[in-house]
Amino acid sequence: MKRSLRTVRSAVLALIAALAVVGSAGSVASAAPPAASRVVYDALGDSYASGYGVPPYAECGRSQSAYAVQLDGRHRLRLDDFVACAGATTTSLVTGGQLAALDADTDLVTLTVGGNDIGWSSAVTACLGGTDAQCAGAVGLVDARITGQLPALLDAVYAQVAAAAPNALVVVTGYPRLFSPEYGDYLAASSAELSTLNVAADTLDTVIAAAADRAGFPFVDVRTRFDGHGANSPDAWILGPSDPGAFHPTVEGYKAYTAAVNSALGPIKPGCGRHHR
């Protein structure tokens, strides 16, 4: 009988010890879960996407101040390919190879493009340095390109981006107004002409937003964040004409872009970006 009791006691102790080991292993496993997967992020576009205006630059005018670089690490984002290039148009974005950055593993794409397709800089130059008639003519030409030519160009490039990154959430950003007419004339441009340029910028953003909507892409509007910070304001977030990066954002301007995109992004799950809106 004693031998039997010893055997039972030994079995119970062995069972308790085994359970303790299992419980301990379970505690360790729950305390150290596998690292969460990251969201694969690719950044495309023109100089406003590359961070141009804030040197030093890498290839294609890419700056560490770019909103894509600032977003890296937020929302579990991992900036995989930063291929935005200063001077890019809707056409050269494709022919220049930016789409090669995208594939089925891409979870998020940001895209800023369209401003170089319409000759925007020619209108700004005409208004700041030319006559009233030259300003009006240049703005009229830009407006005609925005409404007549740009929609089809955007539709084409957005379709190619969607095809190249079939599982990604594609976020399109617009452009800021460049001036603050409330501060008066600027160089050869009257406050009324500055307002006219801003109206053209509004038209540009309206067309881009509409094209993004047709493609099923969310649009991030940055205009209100730049209010009061135009190139002619005392606290300018847009570089003036004497700067090598004229009419591009300053460091503060790119922070404003980052804040706008960051606030627009909600939870993004790897592999199902197209379903997040």
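As the structure is a prediction and not an experimental result, all values here were calculated from the model.

About the criteria used
All chains use their own residue numbering, which begins from 1 and follows the written sequence. The predicted origin of the model limits local features to residues at a pLDDT of at least 70 and limits the giving and counting of side-chain atom pairs to 80 or more, whereas totals for whole chains, interfaces and linings rest on all residues. Only heavy atoms go into the side-chain values, all of them from the structure, while hydrogens and water stay out. You can read pLDDT as the predictor saying how much it trusts each residue, on a scale of 0 to 100. Residues count as neighbours in contact if any of their non-hydrogen atoms are within 4.5 Å of one another. The method works on a 1 Å grid over the protein atoms by themselves. A cavity is a set of points holding a 1.4 Å probe that cannot get out, a pocket is an open set with protein on both sides within 12 Å along at least five of seven lines, and residues with an atom within 4 Å of a point line them. Grid points are joined across faces, edges and corners, and a volume is the space filled by probe spheres set on the points. The secondary structure listing takes helices from DSSP runs of H or I that are at least 4 residues long and strands from runs of E that are at least 2 residues long, numbered from the N terminus. Residues were grouped as follows: Ala, Val, Leu, Ile, Met, Phe, Trp, Tyr, Cys and Pro as nonpolar; Asp, Glu, Lys and Arg as charged; and all remaining residues, including Gly, as polar. Disulfide: a pair of cysteine sulfur atoms within 2.5 Å of each other. For helices, the fitted axis covers only the stretch in contact; all axes are lines through C-alpha atoms, and the angles between them, taken along N-to-C directions, range from 0 to 180 degrees. Should an angle lie under 35 degrees it is considered roughly parallel, over 145 roughly antiparallel, and from 65 to 115 roughly perpendicular; all remaining angles are considered oblique. A helix's residues, less one, multiplied by 1.5 Å, set its expected span. Relative accessibility under 20% of the residue-type maximum defines a buried residue, over 50% an exposed one, and the middle range a partly exposed one, all with a 1.4 Å probe and only protein chains included. Here the arc refers to the directions that run from the helix axis out to each C-beta atom. The pairing test for Phe, Tyr and Trp rings, Trp by its six-membered ring, is centres within 6.5 Å, and the orientation test on the planes gives stacked under 30 degrees, edge-to-face over 60, and tilted for anything in between.

J.: Now, about the confidence of the model for the protein chain: what can you tell me, with residues and values included?
T.: Averaged over all residues, the pLDDT of the protein chain is 88; the fraction at 70 or higher stands at 84%. Here residues 1-35 is modelled with pLDDT under 50, and outside its nearest four sequence neighbours on either side it reaches 0 contacts, counting other chains as well.

J.: Can you break down the layout of surface pockets residue by residue, with the values?
T.: Of the volumes computed, that of the largest pocket is approximately 320 Å³. Tyr48, Asn116, Trp120, Ser121 and Phe247 are the residues nearest the centre of the largest pocket, which is lined by 18 residues in total. Of all the elements in the fold, those that place two or more residues in the lining of the largest pocket are α2 (47-50), α5 (120-129) and α8 (191-215). Looking at which element gives the most residues to the lining of the largest pocket, the answer is α5, with 3 residues. Grouping the amino acids of the lining of the largest pocket by side-chain chemistry returns 11 nonpolar, 6 polar and 1 charged.

J.: Describe the state of the cysteines, listing the residues and the values that go with them.
T.: One way to say it: the disulfide is the covalent bond shared by the sulfur atoms of two cysteines. Tallying each qualifying case throughout the model produces 2 disulfides. Here Cys60 is linked by a disulfide to Cys85, with a sulfur-sulfur distance of 1.9 Å. Judged by the sign of its S-S torsion, about -70°, the cystine formed by Cys60 and Cys85 is left-handed. Taken together, the residues Cys60 in the loop between β2 (57-58) and β3 (62-63) and Cys85 in the loop between β4 (77-82) and α4 (92-95) connect sequence positions 25 residues apart.

J.: Break down the packing of helix α6 (residues 132-148) against α8 for me, with residues and values.
T.: Across the interface, α6 lies against α8 with an axial gap of 10 Å and an inter-helix angle of 5°. Compared by their axis directions, α6 and α8 come out roughly parallel. Within the contact between the two elements, α6 uses Asp132, Cys135, Val139, Asp143, Ile146 and Thr147 and α8 uses Glu193, Thr196, Leu197, Ala200, Thr203, Leu204 and Val207. Here the contact of α6 with α8 is composed, by residue class, of 7 nonpolar, 3 polar and 3 charged.

J.: Can you break down α6 residue by residue, with the values?
T.: Its 17 residues place the ends of α6 24 Å apart at the C-alpha level, agreeing with the 24 Å of an ideal helix rising 1.5 Å per residue. Every buried residue belonging to α6 is among Cys135, Ala138, Val139, Val142 and Ile146, and all of these are buried. The buried residues of α6 occupy an angular sector of 95° when projected down its axis, which confines them to one face. Along α6, the residues that are exposed and aim more than 90 degrees away from the buried face are Ala133, Ala136 and Gly148. In this structure, the buried side of α6 is in contact with α5, α7 (150-164) and α8.

J.: Break down the packing of aromatic side chains for me, with residues and values.
T.: A full pass over the atoms with the stated rule returns 10 aromatic pairs. Each ring, one from Tyr48 and one from Tyr175, has its centre 5.2 Å from the other, and the planes form 80°; the classification is edge-to-face. One end of the pair, Tyr48, is in helix α2; the other, Tyr175, is in the loop between β6 (169-173) and α8, with 127 residues separating them in the sequence. Its relative accessible area of 9% is what places Tyr48 among the buried residues. Aromatic pair Tyr254 and Tyr257: ring centres 6.4 Å apart, planes at 35°, arrangement tilted. Taken together, the residues Tyr254 and Tyr257, both in helix α9 (residues 251-264) and 3 residues apart, mark about one turn of the helix. An aromatic cluster is defined as three or more aromatic residues linked by ring pairs; in this entry it consists of Tyr48, Tyr67, Tyr175, Phe226, Trp237, Tyr254 and Tyr257.

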